[in-house]
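Read off the chains here:
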Amino acid sequence: MHAFANPARFLRLARPASSWLLLIGLAFAIAGMGAGLMLTPPDYLQGETVRILYIHVPSAWLGMGGWLGIAAASISQLVWRHPLAALAARAVAPAGATFTAICLITGSIWGRPTWGTWWEWDGRLTSMLILFFLYLGYIALSSAERERGGEGRISAIYGLVGAINLPIIHYSVLWWRTLHQGQSISISGGSSIDNSMLWPLPLSLVGFACLFGAAVLMRMRAELAEAKVEARLRRMEAE
Amino acid sequence: MNPWPFVAAAYAAAILLTAALLAWAFVSMRRAEASADAMKRTDRAPSADAEGQER
């Protein structure tokens with residue numbers, strides 16, 4: 001990670017990577033969503049609404065993964081003082097907030113025909129909503145800190161404290177067994193979903209993850225260019 | 001209850017929000033890089049003029 005501490009070196013990689021991630025992401029996301037809509041059978045219990053799975057699950061994982069990225073960048077900033085860590089965390093926040101919002105909206109739309117309600121103050125739903133508000137708080141705090149010329153240490157501490165919500169989201173379906181279904185896909189323990197319905201999920205997950213990465217890289221490039229302009233303006237004022 | 005309007009609404013929301021995020025990230029990147037390039041060009045121009053005057 002320290003190899004990319006030099007912004008010029010980072011930009012040499014980020015310029016082509018953002019375009020490639022965008023193209024690959026679009027191809028995989030369209031393939032995953034298309035297959036999920038047209039090539040999989042309906043669920044015996046949920047019927048056609050199960051197709052929301054192919055956008056709801058990737059957005060939930062990316063919403064949580066985004067905050068994990070903010071927490072990792074915060075550690076990198078506080079411990080190793082990585083020069084791009086604060087910038088990376090600021091770039092992740094809008095993408096993470098967007099995918100958390102997608103998760104909440106698609107989950108609510110899924111809930112109406114499945115549970116008979118748009119919203120319930122269930123453990124999983126509430127902890128996901130808290131994650132969305134944490135993102136909004138992070139965006140506001142990091143913007144304010146940046147405007148005041150701070151190093152982003154307060155935002156980094158906030159990013160680490162906010163990570164406490166991640167295990168709460170993960171275990172919420174076990175701790176408070178209310179409305180949201182239990183874990184149906186696990187990295188270690190396989191899946192309770194039949195393969196005939198599961199196979200488009202990795203496609204849409206890779207697709208949305210690449211689009212998430214493209215958005216983060218584009219925001220990092222924008223922040224680096226803005227920092228260059230601001231530094232030049234400060235030098236001009238000093239002269 | 002017909003499930004398709006719910007499926008369509010969920011997909012529309014996901015596509016629109018993702019497209020909005022990517023469009024905003026792309027436009028802000030292009031704008032910031034264009035102003036950084038313009039500043040670089042204006043930095044070079046006076047020094048080139050100065051070199052011309054010295055000659």
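Calculation criteria
- Residues numbered from 1 in each chain as written.
- Chains lettered and ligands numbered in written order.
- Predicted model: local features only at pLDDT ≥ 70, side-chain atom pairs only at ≥ 80, totals over all residues.
- Heavy atoms only, no water.
- Phe/Tyr/Trp six-rings, centres within 6.5 Å; stacked < 30°, edge-to-face > 60°.
- Contact = heavy atoms within 4.5 Å.
- Buried area = accessible area lost by both parts, 1.4 Å probe.
- Salt bridge = Lys/Arg side-chain N within 4 Å of Asp/Glu carboxyl O.
- Polar contact = N/O pair within 3.5 Å; in protein donor to acceptor, adjacent residues only side chain to side chain.
- Helix = DSSP H or I, 4+ residues; strand = E, 2+ residues; numbered from the N terminus.
- Nonpolar A, V, L, I, M, F, W, Y, C, P; charged D, E, K, R; others polar.

Asker: Looking at this structure, how should I read the packing of aromatic side chains?
Answerer: The way to describe two aromatic rings as a pair is by their centre distance and the angle between their planes. Residues and elements named next belong to chain A. Counted according to the given criterion, the structure contains 11 aromatic pairs over all chains. Ring centres of Phe132 and Phe133 lie 6.1 Å apart, and the angle between their planes is 50 degrees; on these two criteria the pair is classed as tilted. In this structure an aromatic cluster arises from ring pairing among Trp67, Tyr135, Tyr138 and Tyr158.

Asker: Looking at this model, I keep getting lost on the interface of chain A and chain B. Mind explaining?
Answerer: Contacts between the two partners involve 34 residues from chain A and, on the opposite side, 26 residues from chain B. Buried area between chain A and chain B, summed over both chains or domains, comes out near 2800 Å², and the portion from carbon and sulfur atoms is 82%. On the surface where chain A and chain B come into contact, there are 1 salt bridge. As a salt-bridge pair, Glu33 of chain B and Arg221 of chain A come within 2.9 Å of each other at their nearest N and O atoms. Our count for the chain A to chain B interface comes out at 3 residue pairs in polar contact (both at pLDDT 80 or more). Contributions of two or more residues to the side of chain A that touches chain B are made by α1 (7-38), α2 (53-80), α3 (85-115) and α8 (200-238) of chain A. Here the side of chain A that touches chain B gets 12 residues from one element, more than from any other, and that element is α8 of chain A. Its residues assigned to classes, the side of chain A that touches chain B shows 22 nonpolar, 4 polar and 8 charged.

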